[in-house]
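# Structure at a glance
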Amino acid sequence: MILLNLCGHDFHYETENLCRVFYPDETIRIVYDAPETGCITARMTETPEGFDFAVRTDRDCETGFLPKNTPDLRDAQELTVATLLYRLLSRQFGYTPPWGILTGVRPSKLMNTLLQDMNEAEAKRYFREKLLVQDGKTNLTAAVARQESRIIETSRPDSFSLYLSIPFCPSRCSYCSFVSHSITGAGAKKLIDPYVKLLVEEIRQCGDIAKELGLHLETVYIGGGTPSILTPEQLDAVCGALCENFPMASAREFTVEAGRPDTITKEKLLSLKKAGVSRISINPQTLNDAVLQRIGRRHTAAEVLESFRLARSLGFDNINMDLIAGLDGDSAESFRQTLCGIIDLSPENITVHTLALKRASRLVTEENGSASGGAVAVAQMLDEVQRQCTESGYIPYYMYRQSRCVGNFENVGWCREGFEGLYNIFMMEETHTVLACGAGAVTKLRDPHSNHLERIFNFKYPYEYISRFDELTARKARIKSFYNEYGF
C-alpha cells in the first residue's frame, strides 16, 4: 500500500491518479496531515507572499512557489502540486510517462476546448508545457481532435443517439469489469428471454418519448456484453422493435457488437443484415491462441479470421476489430504479429485499447494480474500501432482513456477515411443526448443550448432490470421534463 499524505489542500483526484501511473499494482490510500515518514507527502503552505509547495518521499523532494495574485489560483495550485509530484516520481522511477500530468478521460475533448480560444500551435504548446505531455501524444491528440470536430459539427440541437445493452457473454474475460453475465450458468441463461422481452418494451417507451419531443436520431449502437449471444429470433425481436419505434431508415449509423467469434453464425449475421445494421464489431483482442486461452476466451485466432471472412461474404462493408495492448502473457513481438494479421484483413476500423486493471475484474481480484511487460512494453505496442496503422492508411478518429489503464495510456480508434464510428465520437465527446436501454445502461441528457449534462441510470444487473422494470421506466419521465426545463 502507498500512503499519499496531503497537507494544506485536498487535490486528491489528480495526485492519486498520478501515483497510480507509477504504482499500478499498489493500493493508493489518501491520508491528510499525517507524519511525513514512510509516505509520499504533497504539502501546500500559505505565506504572506504566496504559497510554498513541497512534494517529498523519504529520499527525495521537489519544491515550488506561487504568488497570491496568480490567475485562476486554485487551478494553478493543483497544477503545481501535480507537476512537482510527476517530476519527483519520474526521477525516482527513471521513467517519464508520455501523457505527463494529464489523467483525464477525454484528452481530445480538452484539445477541442482549447482550440475554441487559441490556434492549434498554442493548444499543443499548452499540452507540452503546462501538462508535460510528450510530442507524440500531443500530436496524436491534435489529429484526433481535428477528425472529431468535423463530425461533431454535423450534430444538430435536436440530435440524439440510442444505446442498447445486452449484458450477457459466453464466458467472462479475465480483464472484464463490466456488468455482464456469463451464460455458462443455467441461471443466467434463463434470464435472457425475459430480459429481451422487457428490453423490447423499453425500446417502445423510449421511441414514444423521442417522437413526442421531436428528436432526430443520428446513430444506434447495440453493445454489451456480447449482443451476438442472442439467438437469431431474439435479435429479430430487438431489431424489429427498433424499426417499429424509431426512424431507423434515416439513422446515419447502426452498429452492433457482434463481438466474440464463438457467438457469430451465418444466421445471426443475416438477421443483422436484414435489420439494416451498417457496422459491426468482431473483437479478437489478440490473435495469440495461448493469450486467448489465458484471458478466458473460448475461441481461437482461426475462428476470428473465419468470422471476419463470413461477414465480408455476406456484404458487411464496415467492420471494426478491437485489440488490447498489454494482455497477460502477450509480448511486444506477439502483439506486433496480431496487429499485422488484423491489418492484412483490412477492416474499416481498428480500435486499440490499453489494458485497464479494473478492481472488479477477475484479473485483479483472483489472479493478482498486471500488464504483460508493464508500461514500457505497452508503450512499444502502442508505438507499433501508430506506425503500422499510419503506414497502412488508417487515421486516428477518436480517443479516450480509462482509470487504471497501464502506464496511463490511451484507447484509440483508427479508421479508413470516411469510416469514422460516429456513435463513438458523439458518445465520448458528449456531443448530444444518448438515450440508453437495458441493464447497466446510462441515459445521458445534454442541454442543446449549453454543456449541461444529466444522467439517468438503469439498474445494473439483469435480474434487477427484470424485477424492478416499472421503477426503471418511471425514471425515464425525466427525459421529457429535462427538455421542457431547458427550453427545447
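Residues numbered from 1 in each chain as written. Predicted model: local features only at pLDDT ≥ 70, side-chain atom pairs only at ≥ 80, totals over all residues. Heavy atoms only, no water.

### Side note on the state of the cysteines
As a reminder of what qualifies: Note on terminology: pairs of cysteine sulfur atoms within 2.5 Å are recorded as disulfides. When a residue's accessible area, from a 1.4 Å probe over protein chains only, is under 20% of the maximum for its type it is buried; when over 50% it is exposed; and in between it is partly exposed.
Applying the stated rule across the entire model yields zero disulfides. The thiol sulfur of Cys7 is not disulfide-bonded, and the nearest other cysteine sulfur, from Cys39, lies at 7.6 Å. By relative accessible area, Cys7 is classed as buried at 0%. Between Cys340, a cysteine without a disulfide, and Cys389, which holds the nearest cysteine sulfur, the sulfur-to-sulfur distance is 10 Å. What makes Cys340 partly exposed here is its relative accessible area of 23%.

### Some points on the packing of helix H3 (residues 107-114) against helix H4 (residues 120-129)
Here is the rule we go by: Lines fitted to the C-alpha atoms define the axes, with helices restricted to the stretch that makes contact. Angles between their N-to-C directions range from 0 to 180 degrees. Runs of E in the DSSP output that reach at least two residues are strands. Runs of H or I that reach at least four are helices, and both are numbered from the N terminus. These descriptions rest on fixed angle ranges, namely under 35 degrees for roughly parallel, over 145 for roughly antiparallel, 65 to 115 for roughly perpendicular, and the rest for oblique. Left-handed describes a crossing whose near helix is turned anticlockwise from the far helix by less than a right angle; the clockwise case is right-handed. Should any heavy atoms of two residues lie within 4.5 Å, those residues are considered in contact. By the convention adopted, Pro, Cys, Tyr, Trp, Phe, Met, Ile, Leu, Val and Ala count as nonpolar, Lys, Arg, Asp and Glu as charged, and the other residues, Gly among them, as polar.
At a closest axis distance of 9 Å, the pairing of H3 and H4 adopts a crossing angle of 130°. When the interaxial angle is binned, H3 and H4 end up oblique. Here the hand of the crossing between H3 and H4 comes out right-handed. Contacts between H3 and H4 involve Pro107, Leu110, Met111 and Leu114 from the former and Ala123, Tyr126 and Phe127 from the latter. Class assignment of the residues belonging to the contact of H3 with H4 gives a composition of seven nonpolar, no polar and no charged.

### Brief notes about the confidence of the model for the chain
Worth spelling out the cut-off: One number per residue, pLDDT, summarises how confident the predictor is, and it ranges from 0 to 100.
In the predicted model, the chain carries a mean pLDDT of 91, and 93% of its residues have values of at least 70. When the elements of the chain are averaged for pLDDT, helix H12 (residues 362-365) gives the smallest value, 42, and strand E16 (residues 433-437) the largest, 98. Considering only residues more than four positions removed or in separate chains, one finds that residues 360-368, a stretch of pLDDT under 50, has 27 contacts.

### A word on helix H2 (residues 73-93)
Put simply, the test is: In this analysis, the expected span of each helix is defined as 1.5 Å times one less than the number of residues it contains.
End to end, H2 covers 30 Å across 21 residues, agreeing with the expected 30 Å (1.5 Å per residue, within 8%). Summarising the contacts, the buried residues of H2 are in contact with helix H1 (12-22), strand E3 (40-46), strand E4 (50-56) and strand E5 (61-67). Two residues or fewer past H2, Gly94 is found with a positive phi of approximately 65°.

### Comments concerning the nonpolar core
As a reminder of what qualifies: The term nonpolar core refers to a set of buried residues drawn from Ala, Val, Leu, Ile, Met, Phe, Trp, Tyr and Cys, joined through side-chain atoms within 4.5 Å.
Grouped together as the largest cluster of nonpolar side chains are 126 residues, with contacts concentrated most on Leu162, Ile203, Leu242, Phe246, Phe254, Ile280 and Phe316. Ranked by residue count, the leading element in this core is helix H6 (residues 186-213), at ten residues. Excluding its chain neighbours within four sequence positions, the residues that come into contact with Ile280 are Val256, Leu269, Leu272, Ala311, Phe316, Asn318, Ile319 and Asn320. The next biggest cluster of nonpolar side chains, apart from the first, holds ten residues, and it includes Ile395, Cys415, Ile425 and Phe426.

### Quick word on the pairing of strand E6 (residues 159-166)
Test applied: One bridge is not enough; two strands pair if DSSP finds at least two bridges between them.
Of all eight residues that make up E6, eight are buried, and the element is covered over most of its length. Taking every second residue as pointing to the same face, both faces of E6 are buried, with Ser159, Ser161, Tyr163 and Ser165 on one and Phe160, Leu162, Leu164 and Ile166 on the other. As defined by bridge partners, E6 adjoins strand E9 (residues 216-224) across eight bridges and the pair is classed as parallel. By the bridge assignment for E9, Phe160 is matched with Leu217. Here E6 pairs with E16 via five bridges, running parallel. Each bridged residue has a counterpart across the sheet, and for Ser161 the counterpart in E16 is Val434.

### A closer look at the sheet that holds E5
Pairing is mixed in the open sheet, where five strands are placed in the order E2-E1-E3-E4-E5. Since the sheet does not close on itself, it has two edges, and those belong to strand E2 (28-32) and E5, each with one partner. Each strand of the sheet is rotated relative to its neighbour by a mean of 15°, with strand direction disregarded. In terms of strand pairing, E4 meets E5 through seven bridges, oriented antiparallel. Within E5, the position partnered with Phe53 by the bridge is Gly64. Running over the sheet, H1 touches strand E1 (2-7), E2 and E3 and is turned about 145° from E2.

### Things to note about the environment of Ser331
This is how the line gets drawn: N or O atoms within 3.5 Å of each other form a polar contact, as long as, within protein, one can give a hydrogen and the other can take it, and as long as residues adjacent in sequence are counted only when both atoms are side-chain atoms.
On the secondary structure map, Ser331 appears in the loop between strand E12 (319-325) and helix H11 (332-345). Residue classification places Ser331 among the partly exposed positions, given a relative accessible area of 34%. With 46 residues separating them along the chain, Ser331 and Ala377 place their C-alpha atoms 7.2 Å apart. At a separation of 3.0 Å, a polar atom in the side chain of Ser331 contacts the main-chain amide nitrogen of Ser334.

### What to know about the side chain of Thr47
Summarising the element assignment, Thr47 is placed in the loop between E3 and E4. Each residue touching Thr47, except ones within four places of it in the same chain, is listed here: Asp52, Phe65 and Lys68.

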